[in-house]
Amino acid sequence: MLDNPRSPRVRAVAKLAKKSARADTGTFLLEGPQAAREALAWRPDLVVELFVTEHALRKHDDVVALAREAEVRTELVAEHVLDAMADTVTPQGFVAVCRQFPVSLDAVFDASPRLIAVLEEVRDPGNAGTIIRAADSAGADAVVFSGHTVDLYNPKVVRSTTGSIFHVPVAVGATIEGVLTRAKAAGLRVLAADMAGDDLLVARVSGELAEPTAWVFGNEAHGLSDDAVALVDRVITVPIYGHAESMNLATAASVCLYESAFAQRS
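Report follows, based on the coordinates. (Residues numbered from 1 in each chain as written. Predicted model: local features only at pLDDT ≥ 70, side-chain atom pairs only at ≥ 80, totals over all residues. Heavy atoms only, no water.)

1. A short note on the overall build of the protein
And step 1. Assigned secondary structure in the protein consists of 13 helices and 10 strands.
And step 2. Computed over C-alpha atoms, the radius of gyration of the protein comes to 20 Å, within 12% of the 18 Å expected from 2.2 N^0.38 for 266 residues, which places it in the range of a compact globule.
And step 3. Over its C-alpha atoms, taken along the principal directions, the protein stretches across nearly 60 × 40 × 35 Å.
And step 4. Evaluated residue by residue, the protein yields a buried proportion of 50% over its 266 residues.
And step 5. Sequence separation of at least 24 residues holds for 81% of the intrachain contacts in the protein that already meet a minimum separation of 6.
And step 6. Total accessible area on the protein is roughly 12,300 Å²; 51% of this is exposed by carbon and sulfur atoms.
And step 7. One way to put it: in the protein the 25 positive side-chain charges average out to a point 5 Å from where the 35 negative ones average out. (Helix = DSSP H or I, 4+ residues; strand = E, 2+ residues; numbered from the N terminus. Rg over C-alpha atoms; globule rule 2.2 N^0.38 Å. Buried < 20%, exposed > 50% of the residue type's maximum accessible area, 1.4 Å probe, protein only. Contact = heavy atoms within 4.5 Å. Areas by Shrake-Rupley, 256 points an atom, 1.4 Å probe, with all protein chains shown as cover. Lys, Arg positive; Asp, Glu negative; His and termini not counted. Charge placed at Lys NZ, Arg CZ, Asp CG, Glu CD.)

As structure tokens, then:
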């Protein structure tokens with residue numbers, strides 16, 4: 001059992017909370033039993049090693065069984081050692097080190113997608129991760145991080161996906177111009193979610209939501225850039241019928257993605 005929180009091995013894992021360490025190693029930090037379960041079930045080839053406490057081993061023996069089946073190195077660690085490795089205060093007994101696996105923009109469009117989510121300058125890791133989870137739930141074919149959107153492998157982004165990071169392809173490093181130009185060339189209708197736009201119900205009635213679509217979601221504070229707005233086919237707003245000042249970005253993205261999912265399946 002690992003019981004020294006100051007050991008080089010423990011420190012190396014803990015450093016993955018920092019972007020520079022993730023860039024140097026090509027790996028990232030994964031926390032919690034559900035995220036570990038999804039990684040081992042869907043992409044066990046990406047899991048470098050798994051660390052688990054004795055209590056978590058007893059409570060979630062199915063996760064350890066998946067690791068054993070995939071021949072993933074699994075190490076028993078003391079509670080205080082896992083706390084030292086994890087980015088969260090309550091890591092729930094599991095920490096894994098995984099290889100990064102972004103897909104290329106070519107791979108996204110070569111797959112003839114019908115629904116994708118494009119993030120432009122989204123900075124909040126919780127929003128970014130929740131949009132990946134919503135895209136996965138709505139059956140989207142891919143998510144694209146463009147511009148200075150938060151790092152895909154930020155620990156909070158990964159946690160917020162609740163394992164969906166292993167289900168839906170995510171491309172990173174693209175420019176918004178490059179993504180939207182490719183989307184149009186691939187025959188996708190490009191819709192942007194923004195406060196200043198046509199009511200979502202208008203798009204629902206027109207039937208355009210049933211078309212292959214790329215939804216664009218902008219920065220939480222400033223919205224979409226002028227460059228993005230100039231390239232989209234239509235700007236759509238999710239109406240607020242109550243007295244809320246605004247809607248959380250990830251919530252609005254979930255509504256938009258599901259509207260397209262419903263229309264494409266009706």
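2. Let's talk about the sheet that holds strand 9 (residues 213-217)
And step 1. Read across the open sheet, the 6 strands follow the order 7-6-5-9-8-10; overall the sheet is parallel. Each edge of the open sheet carries a strand with a single partner, namely strand 7 (170-174) and strand 10 (234-237). With strand direction ignored, the average angle separating the axes of adjacent strands in the sheet is 30°.
And step 2. The sheet contact formed by strand 6 (residues 142-146) and strand 7 spans 3 bridges and is parallel. Bridge pairing in strand 7 links S146 to A174.
And step 3. In this fold helix 13 (residues 249-265) packs onto strand 5 (115-120), strand 8 (189-199) and strand 9, with an angle of close to 170° to the strand it touches most, strand 9. (Pairing = 2+ DSSP bridges. Axes fitted to C-alpha atoms, helices over the stretch in contact; angles between N-to-C directions.)

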